[in-house]
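# Observations on the model geometry
Letter by letter, the chains look like this.
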Amino acid sequence: MDNGFAAQQLIAELLPERLERLRKVTGVPVVLGGATRHGADGVQLVLDRLMGTFGDSLRGLVVHPGKGLGGCVLRRRAPLRVNDYATTMAITHEYDQAVQAERLTSVFAVPVLLWGEVRSVLYGAVRDRRPIDDRTVRSAVVVADQLQRDVENRLRRNPGETAHRARGALAELAAVIRDTTDPGMRARLVRIQQDLSGQSMRIEVKSILAPREIEVLRLAEVGASNLEIAARLGLSLETIKAYLRSAMRKLAVHNRTAAAHRARLNGML
């Protein structure tokens, strides 16, 4: 299978979950994205995944290099943002009608690079004219980088090898663990995952994280400070610290970075 086509298929498979993650870590109400393809004027972006939109004005939109915000990202291969889409002179305005139909004001876009080539672009937007800050863009870059690594790692594998099939099964099991809400069932699945993968780390039933602990660790994972997490979740700073202490105790680690890492390894994030 051609690597470009394989990358396009993998991005299509992973994009819905990654856009949902993007919306959670940035706090923006609208996220969208798509994979690139080669057209007459070079690489084109096709927007086919939308979350939080009013309608379908942006669905299927083909973004050309240098045109609009996404086109600038395609050409520059770097994250960009505009805090007043309708009036900014930093981009061209071929797609204004579709953007205005969604009443989007501030918008950011970040590229997903595979071996130096833009293979996808992730967007986030607000409707209330508040600006997109640096931390929001950094959080979006983390999500894009994680998507890049996941796609590249999967493309490196030989699909005919037994080891590849085993990794695929473990990845699917991790997804099931992540989506399971019953604490007892999740604990059993985690133990099965550890037995199959040969991990020495053992997480018992007491280590199952509460929903709020998971939310806090997800934000900590992308670099949010305790104060920023408290503001994002509408909780006090002391409450956030308590959730972090509880998560670290359950996961048998001594700092929040290690807690987020261990939780993700065990399918809890």
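See above for the structure.
## A word on the overall build of the protein chain
Assigned secondary structure in the protein chain consists of 10 helices and 7 strands. Here the protein chain holds 269 residues, and the buried ones make up 46% of them. Within the protein chain, residue pairs in contact and separated by at least 24 positions form 58% of the contacts whose partners lie at least 6 positions apart. A total accessible area of about 13400 Å² is found for the protein chain, and carbon and sulfur atoms account for 52% of it.

## A look at unusual backbone geometry
If you check the backbone angles, Arg-77 has positive phi at about 60 degrees while not being a glycine. For Arg-77, the location among the structural elements is in the loop between α2 (68-76) and β5 (80-82). You will see that Ala-252, though not glycine, has its phi angle at about 60 degrees, which is positive. With respect to the helices, strands and loops of the structure, Ala-252 is situated in the loop between α9 (237-251) and α10 (256-265). Residue Ala-252 is classed as exposed on the basis of its relative accessible area, which comes to 56%.

## Structural notes on the nonpolar core
The biggest cluster of nonpolar side chains holds 28 residues, and the ones touching the most others in it are Leu-19, Leu-22, Phe-108, Leu-122 and Val-151. Listed by contribution, the elements that provide at least two residues to this core are α1 (3-26), β1 (30-39), β6 (107-114) and α4 (134-156). Of all the elements, α1 adds the most residues to this core, at 9 residues. Once you skip the residues sitting within four places of it in the chain, Leu-122 turns out to touch Leu-15, Leu-19, Leu-22, Leu-32, Phe-108, Ala-109, Val-110, Val-112, Val-143 and Ala-144. In this structure, Leu-58, Val-99, Val-118 and Tyr-123 belong to the second largest nonpolar core, which totals 26 residues.

Quick notes on the rules
- Residues numbered from 1 in each chain as written.
- Predicted model: local features only at pLDDT ≥ 70, side-chain atom pairs only at ≥ 80, totals over all residues.
- Heavy atoms only, no water.
- Helix = DSSP H or I, 4+ residues; strand = E, 2+ residues; numbered from the N terminus.
- Buried < 20%, exposed > 50% of the residue type's maximum accessible area, 1.4 Å probe, protein only.
- Contact = heavy atoms within 4.5 Å.
- Areas by Shrake-Rupley, 256 points an atom, 1.4 Å probe, with all protein chains shown as cover.
- Core = buried A, V, L, I, M, F, W, Y, C linked by side-chain atoms within 4.5 Å.

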